[in-house]
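Architecture and fold: a report
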Amino acid sequence: MTPYARRGVHGQTVEALARRILGGEIPEGATLDLVALQSELDVSLTALRESLKVLAAKGMVDARQKRGTFVRSRADWNLLDADVLRWQFEGGRAGEADRALLRNLAEVRAIIEPAAVRLAAERRTDADLAALDEAITAMGEEGAGAAHAVEADLAFHRALLTATHNELLERMEIVIESGLAHRDRIVHSSPHSEDPIPAHRAVLDAVRDQDPLAAEAAMRDLLDQAGRDLDRIGTADDDEDDETEGTSPQ
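Residues numbered from 1 in each chain as written. Predicted model: local features only at pLDDT ≥ 70, side-chain atom pairs only at ≥ 80, totals over all residues. Heavy atoms only, no water.

When its secondary structure is counted, the protein shows eleven helices and two strands. Along the chain direction, N to C, the helices and strands of the protein fall in the order α-α-α-β-β-α-α-α-α-α-α-α-α. The proportion of buried residues among the 250 residues of the protein is 41%. Counted over contacts in the protein with a minimum sequence separation of 6, partners at least 24 positions apart contribute 71%. Surface summary for the protein: the accessible area is close to 13,400 Å², and the carbon and sulfur share equals 51%. (Helix = DSSP H or I, 4+ residues; strand = E, 2+ residues; numbered from the N terminus. Buried < 20%, exposed > 50% of the residue type's maximum accessible area, 1.4 Å probe, protein only. Contact = heavy atoms within 4.5 Å. Areas by Shrake-Rupley, 256 points an atom, 1.4 Å probe, with all protein chains shown as cover.)

Written as structure tokens, this is what we have:
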């Protein structure tokens, strides 16, 4: 389902405000100057207020008499909301902040996915295996581009959660997918990452064999590889930055 906040001028206004708040440009506790924002964003006051209602529903802003509309404390924000996650990952965060968010995602995945894949190994159906096979096949298509590789990886992890046949675990895709898509875009556009197919196939083989322990071990290996990829890419980027600084005019 397309996120609500991407639709039309109203959606663009929501995203512009959300990213300013998430990026700290509009800090926690700040009171919003609605007239100035209306002029700056070139929208009607009605459209601006409707956009703020969306952010209020996500815990990011509130309105009080005598105080006006203000940014709530980050502790009140619904950080697990699909749009809030997407805004954070797509908002052009500074390098270290972006890595911190990806580390948080890695910790969440390390808690959820090994346990989920144990259930998947016990409960998977032929339809689940077919979806996983299809995702693996898509991963191996050469020359399809980074965007195709990202979608194939998302399809694999989505199919694993579906194979648990636990409705709440299936909904964890909301938490995992936004961050995983961002991580994948970084990894699949870099020459420094490992081939992802063997690690994913090991998970699928264990699920097919209905071996929960092997499936969990294979998923932990896959997550370890994902961490190595990011570390390797981060190190390469840092080295390139150092070289650039070293050759810049004095």
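Moving on from the model shown.
Orientation of helix α1 (residues 8–22) relative to helix α3 (residues 45–57), taken along the N-to-C sense of each, is 55 degrees, at an axis distance of 9 Å. Classified by the angle their axes make, α1 and α3 are oblique. Where α1 crosses over α3, the handedness of that crossing is right-handed. Only Ala47, Leu48, Glu50, Ser51, Leu52, Val54 and Leu55 of α3 make contact with α1, whose side of the interface consists of His10, Thr13, Val14, Leu17, Ala18 and Ile21. When the residues that make up the contact of α1 with α3 are grouped by side-chain class, the tally is nine nonpolar, three polar and one charged. (Axes fitted to C-alpha atoms, helices over the stretch in contact; angles between N-to-C directions. Parallel < 35°, antiparallel > 145°, perpendicular 65-115°, else oblique. Left-handed = near helix turned anticlockwise from the far one by under 90°. Nonpolar A, V, L, I, M, F, W, Y, C, P; charged D, E, K, R; others polar.)

With that settled, the discussion passes to the nonpolar core. Ranked by size, the top nonpolar core spans 23 residues in total, and within it Val117, Leu132, Phe156, Leu160, Val203, Val207 and Met219 carry the most contacts. Contributions of two or more residues to this core are made by α5 (95–123), α6 (126–139), α7 (146–162), α10 (197–208) and α11 (212–247). Every residue in contact with Val207, bar those within four places of it in the chain, is listed here: Val117, Ala120, Ala121, Arg124, Leu129, Leu132, Leu160 and Ala215. The next biggest cluster of nonpolar side chains, apart from the first, holds 22 residues, and it includes Leu34, Leu37, Met60 and Trp77. (Core = buried A, V, L, I, M, F, W, Y, C linked by side-chain atoms within 4.5 Å.)

Once that is clear, we can look at the pattern of salt bridges. Counted under the stated rule, the structure contains 16 salt bridges. For Asp62, the salt bridge is made with Arg64, and the minimal N-O distance between the two is 3.1 Å. The residue Glu216 makes a salt bridge to Arg220 at a minimum N-O spacing of 3.1 Å. In this pair, Glu216 and Arg220 are both assigned in helix α11, four residues apart and thus about one turn of the helix distant. Through salt bridges with shared partners, one network takes in Glu15, Arg19, Lys58, Asp81, Asp83 and Arg86. (Salt bridge = Lys/Arg side-chain N within 4 Å of Asp/Glu carboxyl O.)

Take unusual backbone geometry next. Look at Asp42: it is not a glycine, yet its phi comes out positive at around 55 degrees. Taking the relative accessible area as the measure of exposure, Asp42 reaches 68% and is therefore exposed. Its identity as a non-glycine residue notwithstanding, His165 has a phi of 55 degrees, on the positive side. On the secondary structure map, His165 appears in the loop between α7 and α8 (167–170).

Moving on to the side chain of Thr69. Along the polypeptide, Thr69 turns up in strand β2 (residues 68–71). Judged by its relative accessible area of 12%, Thr69 is buried. Apart from the residues lying within four places of it in its own chain, the contact partners of Thr69 are Ala30, Thr31, Leu32, Leu34, Leu52, Val61, Asp62 and Ala63.

These figures capture arrangement, not role.
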